[in-house]
Amino acid sequence: MLRAHLAAGDKLGKEIAAVMQSGGLVPDETVNRMVEERIEEADCKEGFLLDGFPRTVSQAVLLGGLLTPRHIQTVVVHLKVDYNVVISRIAGRRQCPTCGALYSVTSNAPTVSEVCDYDGSKLIVRDDDRPEVVEQRLKAYEVQTAPVLAYLKQAGYSILDIEGEGASPQVIARRIEKAIEEGRV
Ligand SMILES: [Zn+2]
């Protein structure tokens, strides 16, 4: 959603761009406004997945204010991944400036190093994947996001702890489905 606003270059997009380039997180009220608009859309009627949100306790509180009056049932999926793994993964990310294709130097490398398979463009490191920005994001995570889990537990949300390492996205998705089926919520 943030990237869509960035790409559209609207007022919100420009606000977001300034914050992201400095490695900070977008203000809670802004994000919450976007989420509220989005979950009102028709494709969210049967349910929806919030990925990377809420990121702060204040966002979690605001989110509760959106969900409770709508009687929306929730499951919180907590993917457990080691910091060092996250850092090396982000450090290996590359993007094609022409077609937007994403690569990873470790797990999804292009055929020719640093060159897009589709159009031969030289791959780039996205601004928000630069090491100094990643370090800022991890600090922001530690201060702002880590307490969210504690808050959600205390507020009575159902939480699924899922091992997020050492497997393909498909396998991890299956772990989540299985945990829900087994009623571990
Ligand atoms: Zn490309």
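The present account deals with the structure reproduced in this document.

The rules behind the values
Residues numbered from 1 in each chain as written. Predicted model: local features only at pLDDT ≥ 70, side-chain atom pairs only at ≥ 80, totals over all residues. Heavy atoms only, no water. Helix = DSSP H or I, 4+ residues; strand = E, 2+ residues; numbered from the N terminus. Buried < 20%, exposed > 50% of the residue type's maximum accessible area, 1.4 Å probe, protein only. Contact = heavy atoms within 4.5 Å. Areas by Shrake-Rupley, 256 points an atom, 1.4 Å probe, with all protein chains shown as cover. Lys, Arg positive; Asp, Glu negative; His and termini not counted. Charge placed at Lys NZ, Arg CZ, Asp CG, Glu CD. Salt bridge = Lys/Arg side-chain N within 4 Å of Asp/Glu carboxyl O. Core = buried A, V, L, I, M, F, W, Y, C linked by side-chain atoms within 4.5 Å. Expected span 1.5 Å × (residues − 1). Axes fitted to C-alpha atoms, helices over the stretch in contact; angles between N-to-C directions. Parallel < 35°, antiparallel > 145°, perpendicular 65-115°, else oblique. Left-handed = near helix turned anticlockwise from the far one by under 90°. Nonpolar A, V, L, I, M, F, W, Y, C, P; charged D, E, K, R; others polar.

1. Quick word on the overall build of the chain
A tally of regular secondary structure across the chain gives seven helices and four strands. Secondary structure elements of the chain, listed N to C terminal, follow the sequence α-α-α-α-β-α-β-β-α-β-α. The buried share of the chain, taken over its 185 residues, is 30%. Pairs at least 24 apart in sequence give 56% of the contacts found in the chain among residues at least 6 apart. By element, 55% of the accessible surface of the chain is carried by carbon and sulfur atoms, the whole surface being about 11800 Å². Side chains of the chain give 22 positive and 27 negative charges; the mean places of these two sets differ by 1 Å.

2. Thoughts on the pattern of salt bridges
Summed over all chains, the structure comprises 17 salt bridges. A salt bridge links Glu181 to Arg174; the shortest N-O distance between them is 3.5 Å. According to the relative accessible area criterion, Glu181 is exposed, its value standing at 57%. For the salt bridge of Glu182 with Lys178, the shortest nitrogen-to-oxygen distance reads 3.5 Å. On the basis of relative accessibility, which here comes to 44%, the residue Lys178 falls in the partly exposed class.

3. Topic: the nonpolar core
Counting residues in hydrophobic clusters, the biggest one holds twelve residues: Leu12, Ile16, Met20, Val26, Val31, Met34, Val35, Ile39, Phe53, Leu63, Leu66 and Leu67. Mapped onto this core, the elements with two or more residues apiece are helix H2 (11-21), helix H3 (28-39) and helix H4 (57-67). Contacts of Met34, omitting those with residues within four sequence positions, involve Met1, Leu2, His5 and Leu12. Listed in part, the six residues of the second largest apolar core include Ala60, Val148, Leu152 and Ile159.

4. Points about H3
A rise of 1.5 Å per residue sets the reference length of H3, with its twelve residues, at 16 Å; its end C-alpha atoms lie 16 Å apart and thus fit the reference within 8%. If you follow the buried residues of H3, they end up packed against helix H1 (2-8), H2 and H4.

5. Section: the packing of H3 against H4
Running from N to C, H3 and H4 point in directions that differ by 30 degrees, and their axes come no closer than 10 Å. By the angle class used here, H3 and H4 are roughly parallel. Between H3 and H4 the crossing geometry is right-handed. Within the contact between the two elements, H3 uses Asp28, Val31, Asn32, Val35, Glu36 and Ile39 and H4 uses Ser58, Gln59, Leu62, Leu63 and Leu66.

6. Brief notes about the packing of H4 against helix H6 (residues 131-154)
Viewed as axis vectors pointing N to C, H4 and H6 meet at an angle of 40 degrees, and their least axial separation amounts to 8 Å. Overall, the two elements H4 and H6 adopt an arrangement that is oblique. Residues Val57, Ala60 and Val61 of H4 lie in contact with H6, whose contacting residues are Gln144, Pro147, Val148, Tyr151 and Leu152. Partitioned by chemical class, the residues of the contact of H4 with H6 number seven nonpolar, one polar and no charged.

Read these as geometric descriptors, not functional statements.
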